[in-house]
Amino acid sequence: MSMRELVVLGTASQAPTRARNHNGYVLRWDDEVILFDPGEGSQRQLLHTGVTASDLTRICVTHFHGDHCLGLPGTIQRLSLDRVSHPVAVHFPAGGADYFTRLRHASSFHETAELAVAPIEADGQRIALKHGTLEARRLRHPIETYGYRLLEPDGCRMLPERLAAYGIAGPAVGELRRTGHLDLGGRRVTRDEVSVPRPGQRFAFVMDTGLCDGVYALAERADLLVIESTFLESEVALAAEVGHLTAGQAARVAAESGVRRLVLTHFSQRYAEPARFADEARRHFDGDLVIAEDLITIQVPSRRVPSAG
Ligand SMILES: [Zn+2]
């Protein structure tokens, strides 16, 4: 069973609090371990989670406001300190390349780790992974910002009773899955006759944005959506002005996009009571809801396969 889960390093926007570290998230997705938006303190938060710098395969930065990237210098230097032997891919908005260069070389260190730097140049850019596709979509924020989503290709699940009815077993099952059909004594059996569709899993990461098309494009049918909810509806005008979302807006996006598990995070320090975010989101979204806390782990819910009927 492959492991797909989100490890939360920090959940504060702008300024950390006693209970919340600056932003930071790690997604385990099969053989990928992706660090998103490492804020200050991410290196130490990793220590508490069991994820090591050596585990990281990729770093994705949505934009170059400090709470989303000031953890880069320490994390990047740690890759070299730990003699990480595999290349680590790094994605960020191309317009922020100067910031990235400065963060990467913020202080003196012996650089041995290899970074595969691949900036995001355009809305909709896709990067092929071993088990799916990473896609970036432009968001609405005062500086160039991209959200990300991971898409697993749709597949199918073979139905043992149907296979048995046709007498298909062993290597023939693999051939049928691969080629889509099998010729059996003058009769062609197609894959559709002996399987049901299994939609690929989707993970979406939406950080620092006002409502825009990119938000909906990323959230569409996500099994797990991690989305900023900096504000509550009482500050909806302020949120729009500074390019952020309220818990209510984030929850409505999730409801309208068919999201299964919604993770709210990136909270403004002005609110002391996390329950207020849950109360507001619950008015709009009745699926799984998680109000993120530092150092929790959240599973990507597995796709339910429709029964054969
Ligand atoms: Zn920002």
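### Observations regarding the overall build of the protein
Here is step 1 of the chain: Scanning the protein from N- to C-terminus turns up nine helices and 18 strands.
Here is step 2 of the chain: Taken over the C-alpha trace, the protein has a radius of gyration of 21 Å; the compact-globule value for 309 residues is 19 Å, and the two agree within 12%.
Here is step 3 of the chain: Overall, the protein is about 70 × 50 × 35 Å in size when its C-alpha atoms are taken along their principal axes.
Here is step 4 of the chain: Sorting the 309 residues of the protein into buried and exposed places 52% on the buried side.
Here is step 5 of the chain: Restricting to contacts in the protein with at least 6 residues of sequence separation, those with at least 24 account for 66%.

### Let's talk about the nonpolar core
Here is step 1 of the chain: Counting 28 residues, the largest nonpolar core has Leu 225, Ile 227, Val 259, Leu 262 and Leu 264 as its most contacted members.
Here is step 2 of the chain: Taken together, the elements giving at least two residues each to this core come down to strand 14 (202-206), helix 6 (213-219), strand 15 (224-228), helix 8 (247-256), strand 16 (261-265) and helix 9 (275-282).
Here is step 3 of the chain: Element by element, the count of residues in this core is highest for helix 8, at five residues.
Here is step 4 of the chain: Look past the residues within four positions of Leu 225 in its chain and what remains in contact with it is Ala 204, Val 206, Ala 219, Ala 254, Val 259, Arg 261, Leu 262 and Val 263.

### Examining the sheet that holds strand 4 (residues 58-60)
Here is step 1 of the chain: Strands sit in the order 6-5-4-3-2-1-18 across an open sheet of seven strands; the sheet is mixed. The outermost strands of the open sheet, each flanked by one partner alone, are strand 6 (115-117) and strand 18 (297-299). Within the sheet, the average angular offset between the axes of one strand and its neighbour, ignoring direction, is 20°.

### A short note on the packing of helix 2 (residues 72-81) against helix 3 (residues 97-104)
Here is step 1 of the chain: Packing of helix 2 against helix 3 leaves a shortest axis separation of 8 Å and a crossing angle of 55°. Comparing their axes, helix 3 and helix 2 come out oblique. Of the two possible hands of crossing, helix 2 and helix 3 adopt the one that is right-handed. On helix 3, the residues touching Leu 72, Pro 73 and Ile 76 of helix 2 are Phe 100, Leu 103 and Arg 104.
Here is step 2 of the chain: Taken together, the residues of the contact of helix 2 with helix 3 break down into five nonpolar, no polar and one charged.

### Looking at the side chain of Arg 261
Here is step 1 of the chain: One can find Arg 261 in strand 16.
Here is step 2 of the chain: On the accessibility criterion, Arg 261 (18% relative accessible area) is buried.
Here is step 3 of the chain: At 2.9 Å, the side chain of Arg 261 and the side chain of Asp 288 are in polar contact.
Here is step 4 of the chain: Ignoring anything within four residues of it in the chain, the contact list for Arg 261 reads Asp 223, Leu 224, Leu 225, Asp 288, Val 290, Ile 298, Gln 299 and Pro 301.

### Observations concerning the pairing of strand 16
Here is step 1 of the chain: In terms of burial, strand 16 is a largely internal element, five of the five residues being buried.
Here is step 2 of the chain: Of the two faces of strand 16, the one carrying Arg 261, Val 263 and Thr 265 and the one carrying Leu 262 and Leu 264 are both buried.
Here is step 3 of the chain: Two strands pair when backbone bridges link them, and strand 15 and strand 16 are joined in this way by five bridges, in the parallel orientation. Paired with Glu 228 across the two strands is Thr 265, which belongs to strand 16.

### A closer look at the coordination of the zinc ion
Here is step 1 of the chain: Here the zinc ion is held by His 63 (NE2), His 65 (ND1), His 141 (NE2) and Asp 208 (OD), and the distances to it run 2.1 to 2.3 Å.
Here is step 2 of the chain: The coordination sphere of the zinc ion comprises four donor atoms, whose angles at the metal cover 86 to 172°; the geometry is irregular.
Here is step 3 of the chain: Sequence spacing of the donor residues for the zinc ion, all on one chain, is H-x1-H-x75-H-x66-D. On the criterion of sequence distance, the pair formed by His 63 in the loop between strand 4 and helix 2 and His 141 in the loop between strand 8 (132-138) and strand 9 (146-151) is long-range, its members being 78 residues apart. Taken as a pair, His 63 and His 141 share a single burial class, namely buried.

### Looking at the pattern of salt bridges
Any two side chains of opposite charge can pair, so long as their charged atoms come close to each other.
Here is step 1 of the chain: This model, assessed by the stated rule, comprises 17 salt bridges.
Here is step 2 of the chain: Between Glu 152 and Arg 4 there is a salt bridge, and its shortest N-O distance comes to 3.0 Å. Here Glu 152 is found in the loop between strand 9 and strand 10 (155-158), whereas its partner Arg 4 is found in strand 1 (residues 4-10), with 148 residues between them in sequence.
Here is step 3 of the chain: Take Arg 4: its relative accessible area is 8%, and that puts it in the buried class.
Here is step 4 of the chain: Asp 82 serves as the salt-bridge partner of Arg 78, at 3.0 Å between the closest nitrogen and oxygen.

### A word on the side chain of Arg 4
Here is step 1 of the chain: A polar contact of 3.0 Å, which involves the side chain of Arg 4, links it to the side chain of Glu 152.
Here is step 2 of the chain: When sequence neighbours within four positions are dropped, the list of residues in contact with Arg 4 reads Arg 28, Trp 29, Asp 30, His 131, Glu 152, Gln 201, Gln 299 and Val 300.

### Quick notes on helix 9
Here is step 1 of the chain: Those residues of helix 9 not exposed but buried are Phe 277, Glu 280 and Ala 281. An end-on view of helix 9 places all buried positions within 95° of arc, on one side of the element.
Here is step 2 of the chain: Where the residues of helix 9 are buried, they touch helix 8, strand 16 and strand 17 (288-291).

Rules used throughout
- Residues numbered from 1 in each chain as written.
- Predicted model: local features only at pLDDT ≥ 70, side-chain atom pairs only at ≥ 80, totals over all residues.
- Heavy atoms only, no water.
- Helix = DSSP H or I, 4+ residues; strand = E, 2+ residues; numbered from the N terminus.
- Rg over C-alpha atoms; globule rule 2.2 N^0.38 Å.
- Buried < 20%, exposed > 50% of the residue type's maximum accessible area, 1.4 Å probe, protein only.
- Contact = heavy atoms within 4.5 Å.
- Core = buried A, V, L, I, M, F, W, Y, C linked by side-chain atoms within 4.5 Å.
- Pairing = 2+ DSSP bridges.
- Axes fitted to C-alpha atoms, helices over the stretch in contact; angles between N-to-C directions.
- Parallel < 35°, antiparallel > 145°, perpendicular 65-115°, else oblique.
- Left-handed = near helix turned anticlockwise from the far one by under 90°.
- Nonpolar A, V, L, I, M, F, W, Y, C, P; charged D, E, K, R; others polar.
- Polar contact = N/O pair within 3.5 Å; in protein donor to acceptor, adjacent residues only side chain to side chain.
- Donors = N, O, S within 2.8 Å, 3.2 Å for Na, K, Ca; no water.
- Tetrahedral: all angles 85-135°; square planar, octahedral: opposite > 155°, others 65-115°.
- Salt bridge = Lys/Arg side-chain N within 4 Å of Asp/Glu carboxyl O.
- Arc of directions from axis to C-beta.

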